[in-house]
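# Observations on the model geometry
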Amino acid sequence: EVQLVESGGGLVQAGGSLTLSCAASGFTCSSYSMHWVRQAPGKGLEWVAMIAVPGGRTEYADSVAGRFFILRQNAENTVDLQMNSLKPEDTGVYYCQATKLRQVTWGQGTQVTVSS
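These notes cover the structure that comes with them. What you see is a predicted model; the values in this text were computed from it and never measured. (Residues numbered from 1 in each chain as written. Predicted model: local features only at pLDDT ≥ 70, side-chain atom pairs only at ≥ 80, totals over all residues. Heavy atoms only, no water.)

### What about the pattern of salt bridges?
- Under the criterion given, the structure shown has 4 salt bridges.
- We note a salt bridge from Arg-38 to Asp-90, for which the minimum N-O separation is 2.9 Å. Residue Arg-38 is found in strand β4 (residues 33-39), and its partner Asp-90 is found in the loop between β8 (78-83) and β9 (92-100); the two are separated by 52 residues along the sequence.
- For Arg-57, the salt bridge identified is with Glu-59, shortest N-O distance 2.9 Å.
- On the accessibility criterion, Glu-59 (35% relative accessible area) is partly exposed.
- A cluster of three or more residues bridged by salt bridges with shared partners is formed by Arg-38, Glu-46, Arg-67 and Asp-90. (Salt bridge = Lys/Arg side-chain N within 4 Å of Asp/Glu carboxyl O. Helix = DSSP H or I, 4+ residues; strand = E, 2+ residues; numbered from the N terminus. Buried < 20%, exposed > 50% of the residue type's maximum accessible area, 1.4 Å probe, protein only.)

### Comments concerning a nonpolar patch on the surface
- On the surface, a cluster of nonpolar side chains totalling about 290 Å² of accessible area is made up of Leu-45, Val-104 and Trp-106.
- Judged by relative accessible area, which is 38%, Trp-106 ranks as partly exposed. (Patch = residues over 30% accessible without salt bridge, like charges linked within 9 Å, V, L, I, M, F, W, Y side chains within 5 Å. Areas by Shrake-Rupley, 256 points an atom, 1.4 Å probe, with all protein chains shown as cover.)

### Things to note about the state of the cysteines
- Overall, the coordinates contain 1 disulfide when judged by the stated rule.
- Of all cysteine sulfurs in the structure, the one in Cys-22 sits closest to Cys-29, which takes part in no disulfide; the separation is 6.9 Å.
- For Cys-29, a relative accessible area of 1% corresponds to the buried category. (Disulfide = S-S within 2.5 Å.)

### Quick look at the nonpolar core
- With 27 residues, the main nonpolar core has Leu-4, Met-34, Trp-36, Phe-68, Leu-81, Met-83 and Tyr-94 as its most contacted residues.
- If you list the elements that add at least two residues to this core, you get β3 (18-25), β4, β5 (45-51), β7 (68-73), β8, β9 and β11 (110-115).
- By residue number, the principal contributor to this core is β3, which donates 4 residues.
- Residues contacting Met-34, with those up to four places away along its chain left out, are Leu-4, Cys-22, Cys-29, Ala-49, Met-50, Ile-51, Ile-70, Arg-72, Val-79, Cys-96, Gln-97 and Ala-98. (Core = buried A, V, L, I, M, F, W, Y, C linked by side-chain atoms within 4.5 Å. Contact = heavy atoms within 4.5 Å.)

### Let's talk about the environment of Gly-15
- Considering the arrangement of structural elements, one finds Gly-15 in the loop between β2 (10-13) and β3.
- Taking relative accessible area as the criterion, Gly-15 reaches 54% and is therefore assigned exposed.
- Sequence separation of Gly-15 and Val-114 is 99 residues, and the distance between their C-alpha atoms is 8.7 Å.
- Excluding residues that lie within four positions of it along the chain, Gly-15 makes contacts with Ser-85 and Leu-86.

### Examining the sheet that holds β8
- Strand order in the open sheet formed by 4 strands is β1-β3-β8-β7, with antiparallel pairing between adjacent strands. Two strands close off the open sheet at either side, each with one partner strand: β1 (3-7) and β7. Ignoring which end each strand starts from, the neighbouring axes of this sheet average 20° apart. (Pairing = 2+ DSSP bridges. Axes fitted to C-alpha atoms, helices over the stretch in contact; angles between N-to-C directions.)

### Some words on the pairing of β9
- Among the 9 residues in β9, 7 count as buried, and that is most of the element.
- Across 7 bridges, β4 lies against β9 in antiparallel orientation. Looking at the pairing, Trp-36 lines up with Cys-96 of β9.
- Strand direction decides the pairing type here: β9 and β11, joined by 3 bridges, are antiparallel. When the bridges of β11 are listed, Tyr-94 appears paired with Thr-110.

The values reported here are purely geometric and, on their own, carry no functional implication.
Below, the structure written as structure tokens:
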């Protein structure tokens, strides 16, 4: 079964850091483009970051560029999102997504709450 499971969410004060992890099972995530997408309370989905295949090119939303970093941990078959200098507006549910051609797989999400 192809599955993504996010972890690492929680409550943090503004200015703090968190690292989210997305664990893949049933497939090798290094063969897929991996994305992080978030949803703030009462708002729609917002794409946050991507690490592509081939080559490992990374891209970030303007709202997180320079503060968030996406990286693969191939030995663990995971993709992490390092989040620094967190702001209250970063609050939301963070989802991991794997894409390859027309195949799209989502995780169940992990809650991040940034207090002011």
